[in-house]
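Spelled out, the chains give:
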Amino acid sequence: MIFASQFSILAGASLGPEAPLVAICAASAGFVSRRVFRQTNRNVVRKHTFMGMAGALAAFFGAPLGGSLFALEVASRFGLEYFEHMMESIFAGEVCVVVFRSLAGLPLGQIWHITPTRILETEPSTILVGAAIGLLGAGVAFLWANFHWRLMDLFCGLGLLDDANVYAVPRILLGACGVVVIGMLVPQTMSWGEWEFGVIATLSPASKLPHIWPTTGLLGFEADSLQNCLILGFCKLLAISFSVAGGYRGGFIFPFFAAGAAFGRALCFVFPTLSPVIATLCFAAGINVAITRTALATSLILAFLAGEQFALPAVIAASVVSLFATGYVPFIKSQLARSDIDFSLYYREKRQPQVHDHVPPIIGTKMMTTYPSVIYNEQPSVAMSK
C-alpha cells in the first residue's frame, strides 16, 4: 500500500495520500489490538481501529477535531453512528497531531488564503446561500458518480477488472492515459489538489502551480472566466474518475475540494456579489459530503484549512443539505448501517421498535397510571410479561 500510493502521488494522479494513510493506520491499530493487547471483544478492536484512523487523518489534515470525526463518519452512510468511540478517537487524533507535526516541523494553521481579508461577520441569510450551493454540489456529485460507474463498466467490459489482476498493467496504462491527456490540456487538474486549491480559489495564473511543469500545459489554459472554471471543475472530476478506474491508490477528499473550488469560482462570475470564500468552501463541501458522507468533519476541515471560522455556518448548511439530498445514493459500498442499532433514518430494519402506552389499574384505587413500554411489534401485555 505504501509503495502503490507513493507511485500514484508521484505520477500526478488525482488522488491524495489520506486513504492509504487511513488503511495503513487502521490495519496497524487493529493488529496491535488483537496481537499485542490480545483483545477479542469486537467493540474494543473496533475502537482501537477507529483510533488509528483518527490519528492518521488528524495528523494529515492538521485538524484534530475534523480529522478524528472524519474517521468516525466515513464508516457510515448517514451521520456519526459510532458515537461511543468519539472521545477516544479525538484523543488519539490530538496525540498524533502533536507527534507528527512536531517531528515534521509543520505548524498548525491556515494554508489557503482565498481572499486578502478574512470574513469577520456574516449575515444569517448566508446560511441559506450555503445550503443552495451545497445542493448544487450534491447535483454535481450525483452526475460524477453516474459517470464513474459507467466508466468502471467500460473498464469491466474490456476485461481489466479481473480479480486476479492479470490485466493490471493495461488497466493502469489506460487510466494514466486519461489522467495525462486531461493534465496536458488543463494542468490545474494534476496532483491531488491540496496546494492547487489555493491557486484555483484565487484565480491565480497557472504559473503558480507548485507541482506541475510546464505549468501552462499544451494550450496555456487559465481559469480566468466562467467557461474555463466550469471546464476545470469537470476535468478535475474526470481525472479523479480515471485515477480510480485505473487502479491508482489514494483518496479523493482534496481532489473533490479542488473541483469544488473551480465550480465555486464559476458561481462568482454568475453572481459577482457572492463571497469567493463562501462559494468555494460550500461547493467543495457539497461535492465531498455527497460522496464521503462526512458532513461534520468536512465542514470543520474546510473552515480550519481556510482560516475562516465565520464561514462555518454556511459550510455546515451546505454539507447537511448535500447529505440529505444524496441520502439514497451511496457511493462507497463499504459504508453500512450499524447492525446493533435498531433503526436508522434511511435504512429500515425488519424489527422496528414501537412505543405503546400500557395502562394497568392500581389495586384498591380508581387511579390509572400510564407506563410506556418499548417493544418490537409486540402487544404491551406480552412485553410486560417478558
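Small disclaimer: the values here were computed from a predicted structure and weren't measured. (Residues numbered from 1 in each chain as written. Predicted model: local features only at pLDDT ≥ 70, side-chain atom pairs only at ≥ 80, totals over all residues. Heavy atoms only, no water.)

Details of the packing of helix 9 (residues 226-245) against helix 10 (residues 253-270)
Next, step 1: Relative orientation of the contacting elements helix 9 and helix 10 amounts to 165°, with a least axis distance of 8 Å. Taken together, helix 9 and helix 10 sit at an angle that is classed as roughly antiparallel. For the pair helix 9 and helix 10, the crossing hand works out as left-handed. Touching Leu226, Cys229, Leu230, Leu232, Gly233, Phe234, Lys236, Leu237 and Ile240 of helix 9 are Pro255, Phe256, Ala258, Ala259, Ala262, Phe263, Arg265, Ala266, Phe269 and Val270, all from helix 10. (Axes fitted to C-alpha atoms, helices over the stretch in contact; angles between N-to-C directions. Helix = DSSP H or I, 4+ residues; strand = E, 2+ residues; numbered from the N terminus. Parallel < 35°, antiparallel > 145°, perpendicular 65-115°, else oblique. Left-handed = near helix turned anticlockwise from the far one by under 90°. Contact = heavy atoms within 4.5 Å.)

Notes on the confidence of the model for the protein
A low pLDDT score tells you not to read the predicted coordinates there in detail.
Next, step 1: Overall, the prediction assigns the protein a mean pLDDT of 88, with 88% of residues at 70 or greater.
Next, step 2: With pLDDT under 50 throughout, residues 362-386 is counted as low confidence; its partners more than four residues away or in other chains account for 43 contacts. (pLDDT = per-residue confidence, 0-100.)

Comments concerning helix 1 (residues 2-10)
Next, step 1: Residues of helix 1 that are buried include every one of Ser5, Ser8 and Ile9, and no others. An end-on view of helix 1 places all buried positions within 95° of arc, on one side of the element. Turned more than 90 degrees from where helix 1 packs its buried face, Phe3 and Leu10 sit exposed.
Next, step 2: Where helix 1 is buried, its residues meet helix 2 (18-36).
Next, step 3: Downstream of helix 1 by one or two residues, glycine 12 has phi in the positive range, about 85°. (Buried < 20%, exposed > 50% of the residue type's maximum accessible area, 1.4 Å probe, protein only. Arc of directions from axis to C-beta.)

Section: unusual backbone geometry
Next, step 1: The step from tryptophan 213 to proline 214 runs through a cis peptide bond, and the omega angle for that step is -5°.
Next, step 2: One can find proline 214 in the loop between helix 8 (196-201) and helix 9.
Next, step 3: Look at asparagine 165: it is not a glycine, yet its phi comes out positive at around 55°.
Next, step 4: Tracing the chain through its elements places asparagine 165 in the loop between helix 6 (125-157) and helix 7 (168-185).
Next, step 5: Even without a glycine there, the phi angle at serine 191 is positive, about 70°.
Next, step 6: For serine 191, the position within the fold is in the loop between helix 7 and helix 8.

Here we look at a nonpolar patch on the surface
Next, step 1: Taken together, the side chains of Val180, Val181, Met184, Leu185, Leu218 and Leu219 define a hydrophobic patch exposed on the protein surface, amounting to about 550 Å² of accessible area.
Next, step 2: The residue leucine 219 is located in the loop between helix 8 and helix 9 in this model. (Patch = residues over 30% accessible without salt bridge, like charges linked within 9 Å, V, L, I, M, F, W, Y side chains within 5 Å. Areas by Shrake-Rupley, 256 points an atom, 1.4 Å probe, with all protein chains shown as cover. Salt bridge = Lys/Arg side-chain N within 4 Å of Asp/Glu carboxyl O.)

Structural notes on the packing of aromatic side chains
For any two aromatic rings, the description comes down to two numbers: the centre-to-centre distance and the angle of the planes.
Next, step 1: According to the stated counting rule, one finds 19 aromatic pairs in the structure shown.
Next, step 2: Residues tryptophan 144 and phenylalanine 252 carry aromatic rings whose centres are separated by 6.5 Å and whose planes lie at 70° to one another, so their mutual orientation is edge-to-face. Separated by 108 residues along the polypeptide, tryptophan 144 in helix 6 and phenylalanine 252 in the loop between helix 9 and helix 10 bring together distant segments of the chain.
Next, step 3: Given the relative accessible area of 4%, tryptophan 144 is considered buried.
Next, step 4: Classification of phenylalanine 252 by relative accessible area gives buried; the value is 15%. (Phe/Tyr/Trp six-rings, centres within 6.5 Å; stacked < 30°, edge-to-face > 60°.)

Details of the nonpolar core
Next, step 1: Core analysis: the largest hydrophobic core is formed by 88 residues, its most contacted members being Trp112, Phe197, Phe257 and Leu281.
Next, step 2: Every residue in contact with tryptophan 112, bar those within four places of it in the chain, is listed here: Glu194, Phe197, Gly198, Phe254, Phe257, Leu302, Leu305 and Ala306. (Core = buried A, V, L, I, M, F, W, Y, C linked by side-chain atoms within 4.5 Å.)

Some words on the side chain of asparagine 288
Next, step 1: Among the structural elements, asparagine 288 can be located in helix 11 (residues 276-292).
Next, step 2: Taking the relative accessible area as the measure of exposure, asparagine 288 reaches 0% and is therefore buried.
Next, step 3: Residue contacts for asparagine 288: discarding those within four places in its chain leaves Phe70, Phe252, Ile253, Phe256, Phe257, Arg293, Thr294 and Thr298.

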